[in-house]
Amino acid sequence: MCGESTALMQSIEGLVGEPRAKYIRSVERGLWGQPTVLNNVETLANVPYIIANGSEPFAAIGTDTSKGTKVFSLVGKVKRSGLVEVPMGTTLRSLVYDIGGGIADKRPFKAVQTGGPSGGCLPESLLDLSVDFESLLEHDSMVGSGGMIVMDDRSCMVEVAHYYVDFLCGESCGKCTPCREGLRHMREILANICKGHGKLSDLQDLEDLAFTLQEASLCALGKTAANPVLSTLRYFRDEYEAHINDKYCPAGICQALSVMQIEQEDCTSCGLCYKACPIGALKQTVTEDTDGPTYHIDAETCTVCGSCREACRFDAVVAKRREKTCA
Amino acid sequence: MRIIIDGVSCESAPGEFVKTVADRNNISIPSLCHHSALPGLAACRLCVVEVTPSGGKTQVVTSCVYPASDGLEVSTKSERILRLRKTILKLLISRAPKAEGRLKEYCEQYGVVDSFKPADFDESCILCGLCVKACDELGNSAIATVMRGIQKQVQTAFDEAPHECIGCASCAKVCPTGKIIWSQDDGSRTIWNKCFELVRCSCCGKPFATSEELTWLTNKSIDQNIDLSLCPTCRARKTAKAAISPVR
Ligand SMILES: Cc1cc2nc3c(=O)[nH]c(=O)nc-3n(C[C@H](O)[C@H](O)[C@H](O)COP(=O)(O)O)c2cc1C
Ligand code: SF4
Ligand code: SF4
Ligand code: FES
């Protein structure tokens, strides 16, 4: 939280790390009430180039409104991950496929989250979007801290939204009502949907809370915290509806709605799943009349962590609908 | 300089808070964390309004800290604002169903009947921050918020009776929800688990302040002629008498 500029100044002053309203800018009245320049290290790192080469070469890079280059932390399910610096206006596709080398393990692309924990998740149909301040904002995401997390088809977008909202609950300073209380209710609603206890009216509540966070929060943490929810509701609404109406998690991630199974006809008895399971839910049977051992998953023990599915090279481990949802 | 609030043109000083101007013109904007003596918290967010600076873009701001500028147009009751206020009230009443005072009235006024799932803690504090600010401004800082996010609470250091507290109960008096409990009998006052003996007025004999408060006043008081052995009523009487005596 204390990376937010006014909260940072409060902390330096020895006060509780909470943001202040910014209608009066820090350059007028900042640290100890004095004019203050506070910039990100990345912003400052751009300055020497501009001093050395002039502003024109810098402004020649990028789009009409987003100038220069930006460093992204390209991670997740890409073949090559790491810190990459690209001109503003590079497309998501170029980042994920040309630079990242595409999706690891030959799986299909599902979404990319840009901008850090409070960024939005963008779907395949937006892969040709230009990565710049304005385009990302229009699509319920942001450039933010330059996070870029690539997800494959084994990510549940409801669970992803819950994960980030839960993270942000811990980050919120708790000073203002929308962020402190709104995030808590969002987290509760999302957790319920993941457990199969959601109602369609929850989606309206989520949208209402998201609107309030965006419009009425005091600082950028609360104002952006709704992005993971808004973007997944906008681009992956069918997944929310599957969880709510069909008690089904299409990605096979939500524990209460999924079970892991081994499709015997695809299984080569290699035993990788057996080694991968961290809690011994995989059972091995050796019989005379099969080539190798056969494997099955003990549903009672299995926590649906997905380690076996990740390990299998033959797509023989599949997530299925859990028939009766846990109480 | 003038600003326009809900179509009404209002006189304003540059930089004056929009809510202050609205209050002066009897245009009511609900607020829970604003106190004219303790401005600047902007925590409850209930006082949101839409503003359009002349030549600028319309945006949602909190009127309790937004500075007026010439020609500023303010809308306090747009559809967007009403939607936000309702959700904020719903969030607050879900957190603090036991809150007394204005919060309940606002909920009625804005037709907020249902709530989200109540918090699993027993609360009437809405974390407006006024109590902490009042104590800080007095220079005592006996209470502060601890933890962050939903765990945030107003507390004394280590939850113990605070050494710094002078028993003035300013925190309780600014609290909009009646969260801070204090009690007083004939000879003592208890607040934040600390018991104070009360000093009696040298004239009428009524207990009126803690000795810690009087020491604080002695240290702060600019006017050395104030007789701190008198209760406020007797002190006022004495001042009034002194004021009229030369006439006789
Ligand atoms: C909630 C929040 C947390 C932040 N955390 C960090 C951080 O941990 N590190 C950092 O370098 N910038 C962080 N920032 C961004 C800086 O506050 C911001 O870049 C800086 O104040 C303004 O400088 P700029 O205009 O050069 O970006 C954060 C911003 C927000 C809103
Ligand atoms: S938006 Fe969140 S982090 Fe920012 S001031 Fe409000 S509670 Fe604190
Ligand atoms: S105790 Fe009262 S004054 Fe203090 S933060 Fe809570 S509601 Fe506000
Ligand atoms: S009164 Fe303005 S934010 Fe609380």
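Calculation criteria
Residues numbered from 1 in each chain as written. Chains lettered and ligands numbered in written order. Predicted model: local features only at pLDDT ≥ 70, side-chain atom pairs only at ≥ 80, totals over all residues. Heavy atoms only, no water. Helix = DSSP H or I, 4+ residues; strand = E, 2+ residues; numbered from the N terminus. Areas by Shrake-Rupley, 256 points an atom, 1.4 Å probe, with all protein chains shown as cover. Lys, Arg positive; Asp, Glu negative; His and termini not counted. Charge placed at Lys NZ, Arg CZ, Asp CG, Glu CD. Salt bridge = Lys/Arg side-chain N within 4 Å of Asp/Glu carboxyl O. Buried < 20%, exposed > 50% of the residue type's maximum accessible area, 1.4 Å probe, protein only. Contact = heavy atoms within 4.5 Å. Domains from an automatic or database assignment. Buried area = accessible area lost by both parts, 1.4 Å probe. Nonpolar A, V, L, I, M, F, W, Y, C, P; charged D, E, K, R; others polar. Polar contact = N/O pair within 3.5 Å; in protein donor to acceptor, adjacent residues only side chain to side chain. Expected span 1.5 Å × (residues − 1). Near = heavy atom within 4 Å. Pairing = 2+ DSSP bridges. Axes fitted to C-alpha atoms, helices over the stretch in contact; angles between N-to-C directions.

Quick look at the overall build of chain B
And then number 1: Counting its regular elements, chain B contains seven helices and eleven strands.
And then number 2: Surface summary for chain B: the accessible area is close to 13000 Å², and the carbon and sulfur share equals 53%.
And then number 3: Within chain B, one finds 31 positive and 27 negative side-chain charges whose respective centroids are separated by 2 Å.

Observations regarding the pattern of salt bridges
And then number 1: Applying the stated criterion across every chain, the model contains 35 salt bridges over all chains.
And then number 2: Two residues, Lys179 of chain B and Glu123 of chain B, come together in a salt bridge whose shortest N-O distance is 3.5 Å. Highlighted residues: Lys179 of chain B in the loop between helix H5 (170-174) and strand S8 (182-184) and Glu123 of chain B in the loop between helix H3 (102-109) and helix H4 (130-137), separated in sequence by 56 residues.
And then number 3: Here Lys238 of chain B ties to Asp227 of chain B by a salt bridge, and the two come within 3.5 Å at their closest N and O atoms. Note that Lys238 of chain B is positioned in helix H7 (residues 232-244) and Asp227 of chain B in the loop between helix H6 (211-220) and H7, a separation of eleven residues in sequence.
And then number 4: Looking at Asp227 of chain B, the relative accessible area reads 25%, which means it is partly exposed.
And then number 5: If you follow the salt bridges from partner to partner, you end up with Arg180, Glu181 and Arg184 of chain A together with Arg95, Glu123 and Lys179 of chain B in one network.

Considering the environment of Leu203 of chain A
Residue and element names in this part refer to chain A.
And then number 1: You can see Leu203 is positioned in helix H8 (residues 200-216).
And then number 2: Put simply, Leu203 and Val229 are 26 residues apart on the chain and 9.9 Å apart in space, counted from C-alpha to C-alpha.
And then number 3: Discounting chain neighbours no more than four positions away, the residues touching Leu203 are Ile193, Leu233, Arg237, Tyr240, Glu241 and Ile244.

Looking at the domain arrangement of chain B
Note: interface size is frequently given as the accessible area lost on complex formation between the parts.
Residue and element names in this part refer to chain B.
And then number 1: Entries for chain B in the domain assignment read domain 1 (1-125) and domain 2 (130-244).
And then number 2: Distance from the C-alpha centre of domain 1 to the C-alpha centre of domain 2: 29 Å.
And then number 3: The interface is formed by 15 residues belonging to domain 1 together with twelve residues belonging to domain 2.
And then number 4: Surface buried jointly by domain 1 and domain 2 totals about 1100 Å² across both partners, of which 63% is contributed by carbon and sulfur atoms.
And then number 5: Linking domain 1 to domain 2 there are one salt bridge.
And then number 6: Its residues assigned to classes, the side of domain 1 that touches domain 2 comprises eight nonpolar, three polar and four charged.

Observations regarding the interface of chain A and chain B
And then number 1: Taken together, the contacts link 30 residues of chain A with 33 residues of chain B.
And then number 2: Taken together, the two surfaces of chain A and chain B that pack against each other cover about 2800 Å², and 57% of this comes from carbon and sulfur.
And then number 3: If you look at where chain A meets chain B, you find six salt bridges.
And then number 4: Note that Glu171 of chain A is salt-bridged to Arg148 of chain B, the shortest N-O span being 3.9 Å.
And then number 5: In this assembly, chain A and chain B are joined by 17 residue pairs in polar contact (both at pLDDT 80 or more).
And then number 6: At the level of secondary structure, the elements contributing two or more residues to the side of chain A that touches chain B comprise helix H6 (157-171), helix H7 (177-194) and H8 of chain A.
And then number 7: The residue inventory of the side of chain A that touches chain B, partitioned by class, reads eleven nonpolar, eight polar and eleven charged.

Thoughts on H6 of chain A
Residues and elements named next belong to chain A.
And then number 1: Taking 1.5 Å per residue as the helical rise, H6 with its 15 residues ought to reach 21 Å, and the 21 Å between its terminal C-alpha atoms agrees with that figure.
And then number 2: Listed in full, the buried residues belonging to H6 are Met157, Val158, Val160, Ala161, Tyr164, Val165, Leu168 and Cys169.
And then number 3: Its buried side turned inward, H6 meets strand S3 (109-114), strand S4 (121-123), strand S5 (147-152), H7, helix H10 (227-235) and helix H11 (237-245).

Regarding the side chain of Ser258 of chain A
All names here are of chain A.
And then number 1: Structurally, Ser258 is set in strand S6 (residues 258-262).
And then number 2: Residue classification places Ser258 among the buried residues on the basis of a relative accessible area of 1%.
And then number 3: Excluding residues that lie within four positions of it along the chain, Ser258 makes contacts with Cys249, Gly252, Ile253, Val304, Lys320 and Arg322.

Describing the site of ligand 1
All names here are of chain A.
And then number 1: Every residue near ligand 1 is listed here: Gly3, Glu4, Ser5, Leu38, Asn39, Asn40, Thr43, Ala220 and Leu221.
And then number 2: For ligand 1, an oxygen atom lies 3.0 Å from a polar atom in the backbone of Asn40.
And then number 3: The contact in question runs from an oxygen atom of ligand 1 to an N or O atom on the side chain of Thr43, over 2.5 Å.
And then number 4: Here ligand 1 has 620 Å² of accessible area as a free molecule, and 53% of this is covered by the chains.
And then number 5: Taken together, the residues that form the shell around ligand 1 break down as three nonpolar, five polar and one charged.

Some details on the sheet that holds strand S4 (residues 59-62) of chain B
Residue and element names in this part refer to chain B.
And then number 1: Within the open sheet, the five strands sit side by side as S2-S1-S5-S3-S4. Their pairing is mixed. With one partner strand each, in any of the chains shown, strand S2 (8-11) and S4 form the two edges of the open sheet. Adjacent strand axes in the sheet meet at a mean angle of 35°, parallel and antiparallel pairs treated alike.
And then number 2: Inspection of the sheet shows strand S3 (residues 48-52) paired to S4 by four bridges, in the antiparallel sense. Within S4, the position partnered with Glu50 by the bridge is Val60.
And then number 3: Strands S3, S4 and strand S5 (73-75) of the sheet are contacted by helix H2 (residues 79-95), whose axis makes an angle of about 155° with S3.

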